[in-house]
Amino acid sequence: MECSRKYSWFVLFLAMFIVGTKCGHVESKGECAPSTPDREAFKMMPCMSASKDEEYPVSQRCCDQVRKLGQSTSCLCAVMLSKTAELVGSKPQIAITIPKRCNIVERPVGYNCGGYILP
């Protein structure tokens, strides 16, 4: 388990390095401006296991990050569908359940997130 966690951190670090190298210092005008969904995905590391397994308990740190990022539904959605999330093995159909699993009352129920509907 510990080896797997270290490997996941390494993969995420590598993905962030690649994204940072390709993007340079150009500011984003997208969903997560002035940042990018891939950079914001790094902040969601406490949610990594919960985004792969619907039965995995969601940590308070994860829920805190989802609340912060969820202030912009389009950014939260973009992060869940980002290349970085994909590289660490996050499953969008499970990741979209995290706001509900965190008992976030003001979550955007019914929001279409890349073909997935937020519960």
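Remember, it's a predicted structure, so these values are computed and weren't measured experimentally. (Residues numbered from 1 in each chain as written. Predicted model: local features only at pLDDT ≥ 70, side-chain atom pairs only at ≥ 80, totals over all residues. Heavy atoms only, no water.)

(A) Representation of the nonpolar core in the model. Met44, Cys47, Val66, Leu69, Leu76, Val79 and Ile98 are the most contacted members of the largest nonpolar core, which totals 21 residues. Among the secondary structure elements, those contributing two or more residues to this core are helix 3 (60–69) and helix 4 (73–80). Broken down by element, this core gets its largest block of residues, 5 residues, from helix 4. Not counting residues within four places of it along the chain, the set of residues in contact with Ile98 comprises Cys47, Ala50, Ser51, Val58, Cys62 and Val66. (Core = buried A, V, L, I, M, F, W, Y, C linked by side-chain atoms within 4.5 Å. Buried < 20%, exposed > 50% of the residue type's maximum accessible area, 1.4 Å probe, protein only. Helix = DSSP H or I, 4+ residues; strand = E, 2+ residues; numbered from the N terminus. Contact = heavy atoms within 4.5 Å.)

(B) Examining the confidence of the model for the protein chain more closely. The pLDDT averaged across the protein chain works out to 83; a share of 76% of its residues lies at or above 70. A low-confidence stretch, residues 9–27 stays under pLDDT 50, and its non-local contacts, those more than four residues away or across chains, total 19 contacts. (pLDDT = per-residue confidence, 0-100.)

(C) Summary view of empty space enclosed by the protein. Considering all chains together, one arrives at 2 cavities of 30 Å³ or more under this definition. Empty space within the largest cavity amounts to approximately 210 Å³. Taken together, 18 residues line the largest cavity, and the ones lying closest to its centre are Met44, Cys47, Ser51, Ala85 and Ser90. At the level of secondary structure, the elements contributing two or more residues to the lining of the largest cavity comprise helix 4, helix 5 (83–87) and helix 7 (98–101). The dominant element in the lining of the largest cavity, judged by the number of residues it contributes, is helix 4, at 3 residues. Residues belonging to the lining of the largest cavity are distributed by class as follows: 15 nonpolar, 3 polar and no charged. Its boundaries defined by the atoms lining it, the second largest cavity holds a volume of some 30 Å³. Contributing to the lining of the second largest cavity are Ile96, Pro99, Lys100, Arg107, Pro108, Val109, Leu118 and Pro119. (1 Å grid on protein atoms, 1.4 Å probe; cavity = no way out; pocket = protein on both sides within 12 Å on 5 of 7 lines; lining within 4 Å. Points joined across faces, edges and corners; volume = space filled by probe spheres on them. Nonpolar A, V, L, I, M, F, W, Y, C, P; charged D, E, K, R; others polar.)

(D) Examining the side chain of Ser82 more closely. Among the secondary structure elements, Ser82 is positioned in the loop between helix 4 and helix 5. Given a relative accessible area of 5%, Ser82 falls into the buried group. Within polar-contact distance, the side chain of Ser82 engages the backbone nitrogen of Ala85 at 3.1 Å. Beyond its immediate chain neighbours, meaning those up to four positions away, Ser82 contacts Pro37, Asp38 and Ala41. (Polar contact = N/O pair within 3.5 Å; in protein donor to acceptor, adjacent residues only side chain to side chain.)

(E) Quick look at helix 4. Across the 8 residues that make up helix 4, a large majority, 6, are buried. Taken together, the buried residues of helix 4 touch helix 2 (37–42), helix 3, helix 5, helix 6 (92–95), helix 7 and strand 1 (112–113).

(F) Inspection of the environment of Glu31 at higher detail. Relative to the helices and strands, Glu31 is located in the loop between helix 1 (2–23) and helix 2. For the pair formed by Glu31 and Ser74, sequence separation is 43 residues and the distance between their alpha carbons is 5.7 Å. Residue contacts for Glu31: discarding those within four places in its chain leaves Pro37, Ser72, Ser74, Cys75 and Ala78.

(G) Looking closely at unusual backbone geometry. The omega torsion of the bond from Ala33 to Pro34 falls at 10°, within 30 degrees of zero and hence cis. Not every positive phi belongs to a glycine, and Asn103 is a case in point at roughly 60°. Along the chain, Asn103 falls in the loop between helix 7 and strand 1.

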